[in-house]
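Survey of secondary and tertiary structure
Listed here are the chains, written in short residue letters.
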Amino acid sequence: MIELKDFDKIDMRVGTIIEASINKKARNKAYKLKIDLGSELGVKKSSAQITDLYTCENLIGKQVIVVTNFEPIYIGDVKSEVRVLGADTEDGVVLLKLDRTVLNGAKIF
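Residues numbered from 1 in each chain as written. Predicted model: local features only at pLDDT ≥ 70, side-chain atom pairs only at ≥ 80, totals over all residues. Heavy atoms only, no water.

If you look at the biggest cluster of nonpolar residues, it comprises 16 residues, and the most contacted ones within it are Leu33, Ile35, Ile50, Leu59 and Val84. When residues of this core are traced back to their parent elements, those giving at least two are strand 1 (12-22), strand 2 (31-36), helix 3 (56-59) and strand 4 (63-67). (Core = buried A, V, L, I, M, F, W, Y, C linked by side-chain atoms within 4.5 Å. Buried < 20%, exposed > 50% of the residue type's maximum accessible area, 1.4 Å probe, protein only. Helix = DSSP H or I, 4+ residues; strand = E, 2+ residues; numbered from the N terminus.)

What follows is the structure, encoded as C-alpha coordinates:
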(Lines give C-alpha, C1' and ligand atoms only; values in the text may rest on other atoms or scores of the structure.)
Protein backbone atom coordinates (compact mmCIF):
# COMPACT_ATOMS: atom_id res chain seq x y z
CA MET A 1 0.00 0.00 0.00
CA ILE A 2 1.11 3.55 -0.69
CA GLU A 3 0.26 6.51 1.44
CA LEU A 4 -1.82 9.47 0.26
CA LYS A 5 1.30 11.65 0.29
CA ASP A 6 2.82 9.29 -2.32
CA PHE A 7 -0.23 9.59 -4.59
CA ASP A 8 -0.12 13.38 -4.21
CA LYS A 9 3.36 13.38 -5.80
CA ILE A 10 1.86 12.30 -9.14
CA ASP A 11 0.96 15.28 -11.33
CA MET A 12 -1.93 14.26 -13.60
CA ARG A 13 -3.36 16.79 -16.04
CA VAL A 14 -5.85 17.06 -18.88
CA GLY A 15 -4.56 17.77 -22.36
CA THR A 16 -5.82 17.78 -25.93
CA ILE A 17 -4.09 15.76 -28.64
CA ILE A 18 -3.14 18.17 -31.43
CA GLU A 19 -0.96 15.87 -33.57
CA ALA A 20 -0.75 12.11 -34.01
CA SER A 21 1.41 9.98 -36.29
CA ILE A 22 2.90 6.49 -36.33
CA ASN A 23 6.04 6.05 -34.24
CA LYS A 24 7.92 4.01 -36.84
CA LYS A 25 10.98 3.49 -34.63
CA ALA A 26 9.15 2.12 -31.58
CA ARG A 27 9.68 -1.59 -30.80
CA ASN A 28 5.94 -2.09 -30.29
CA LYS A 29 3.26 -0.41 -32.39
CA ALA A 30 2.74 3.11 -31.07
CA TYR A 31 1.74 6.63 -32.00
CA LYS A 32 3.76 9.83 -31.62
CA LEU A 33 1.50 12.38 -29.97
CA LYS A 34 1.71 16.11 -29.32
CA ILE A 35 -0.55 17.09 -26.45
CA ASP A 36 -1.56 20.66 -25.55
CA LEU A 37 -1.45 21.01 -21.76
CA GLY A 38 -2.37 24.69 -21.63
CA SER A 39 -0.36 27.82 -21.05
CA GLU A 40 1.38 26.66 -17.86
CA LEU A 41 2.86 23.42 -19.27
CA GLY A 42 2.67 24.00 -23.03
CA VAL A 43 2.78 21.25 -25.66
CA LYS A 44 4.38 17.94 -24.66
CA LYS A 45 5.30 14.86 -26.68
CA SER A 46 4.41 11.27 -25.90
CA SER A 47 4.60 7.84 -27.48
CA ALA A 48 1.56 5.72 -26.71
CA GLN A 49 0.74 2.09 -27.51
CA ILE A 50 -2.90 2.78 -28.34
CA THR A 51 -2.96 1.60 -31.98
CA ASP A 52 -5.49 -1.23 -31.53
CA LEU A 53 -8.53 0.96 -30.89
CA TYR A 54 -7.54 4.38 -32.21
CA THR A 55 -6.40 5.89 -35.50
CA CYS A 56 -4.33 9.03 -35.87
CA GLU A 57 -7.36 10.78 -37.32
CA ASN A 58 -9.72 10.02 -34.45
CA LEU A 59 -7.15 11.01 -31.81
CA ILE A 60 -6.88 14.63 -32.98
CA GLY A 61 -8.93 16.86 -30.68
CA LYS A 62 -9.44 14.13 -28.06
CA GLN A 63 -8.87 15.15 -24.45
CA VAL A 64 -6.70 12.72 -22.49
CA ILE A 65 -5.34 12.40 -18.99
CA VAL A 66 -1.56 12.32 -18.67
CA VAL A 67 1.08 12.09 -15.96
CA THR A 68 3.41 15.04 -16.38
CA ASN A 69 6.12 14.45 -13.81
CA PHE A 70 7.65 11.10 -14.72
CA GLU A 71 11.21 11.26 -15.99
CA PRO A 72 11.13 11.51 -19.82
CA ILE A 73 12.15 8.37 -21.73
CA TYR A 74 12.99 7.76 -25.37
CA ILE A 75 10.70 5.40 -27.26
CA GLY A 76 12.19 5.01 -30.71
CA ASP A 77 13.16 8.54 -31.65
CA VAL A 78 10.47 10.20 -29.51
CA LYS A 79 11.33 11.82 -26.20
CA SER A 80 8.18 10.84 -24.33
CA GLU A 81 7.64 13.68 -21.86
CA VAL A 82 4.23 12.64 -20.50
CA ARG A 83 2.48 9.31 -19.96
CA VAL A 84 -1.01 8.92 -21.42
CA LEU A 85 -3.36 6.99 -19.12
CA GLY A 86 -5.62 4.18 -20.25
CA ALA A 87 -7.07 0.84 -19.21
CA ASP A 88 -5.71 -2.39 -20.67
CA THR A 89 -8.48 -4.55 -22.15
CA GLU A 90 -8.66 -7.67 -24.32
CA ASP A 91 -9.26 -5.41 -27.34
CA GLY A 92 -6.44 -2.96 -26.56
CA VAL A 93 -5.85 0.11 -24.42
CA VAL A 94 -8.92 2.29 -23.79
CA LEU A 95 -8.03 5.90 -23.01
CA LEU A 96 -9.36 7.47 -19.83
CA LYS A 97 -11.72 10.29 -20.64
CA LEU A 98 -13.78 12.99 -19.00
CA ASP A 99 -17.54 13.33 -19.37
CA ARG A 100 -17.15 17.09 -20.02
CA THR A 101 -14.58 19.21 -21.82
CA VAL A 102 -12.27 21.04 -19.42
CA LEU A 103 -9.41 23.49 -19.81
CA ASN A 104 -6.12 22.02 -20.97
CA GLY A 105 -3.78 21.72 -18.00
CA ALA A 106 -6.57 21.11 -15.50
CA LYS A 107 -5.19 19.10 -12.57
CA ILE A 108 -6.55 15.64 -11.76
CA PHE A 109 -6.81 14.87 -8.06
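Let us keep going from here.
Here we come to the pairing of strand 2. The alternating pattern of strand 2 places Tyr31, Leu33 and Ile35 on a buried face and Lys32, Lys34 and Asp36 on a face that is not buried. Sheet topology note: the strand 1/strand 2 ladder contains 6 bridges and is antiparallel. Residue pairing in the sheet places Ala20 in a bridge with Leu33 of strand 2. As judged from the 6 bridges shared by strand 2 and strand 3 (residues 43-48), these two strands associate in the antiparallel manner. Each bridged residue has a counterpart across the sheet, and for Lys32 the counterpart in strand 3 is Ser47. (Pairing = 2+ DSSP bridges.)

Our next topic: the environment of Lys25. In this structure, Lys25 sits in the loop between strand 1 and strand 2. For Lys25, a relative accessible area of 61% corresponds to the exposed category. Here the alpha-carbon distance between Lys25 and Val93, two residues 68 residues apart in the chain, equals 20 Å. Setting aside residues up to four positions removed in sequence, Lys25 forms contacts with Gly76 and Asp77. (Contact = heavy atoms within 4.5 Å.)

This paragraph deals with the side chain of Asn23. Residue placement: Asn23 occurs in the loop between strand 1 and strand 2. A polar atom in the side chain of Asn23 sits 2.9 Å from the side chain of Ser47. A distance of 3.1 Å separates the side chain of Asn23 from the backbone oxygen of Ile75, its partner in a polar contact. Setting aside chain neighbours within four positions, we find Asn23 in contact with Ala30, Tyr31, Lys32, Ser47, Ile75, Gly76, Asp77 and Val78. (Polar contact = N/O pair within 3.5 Å; in protein donor to acceptor, adjacent residues only side chain to side chain.)

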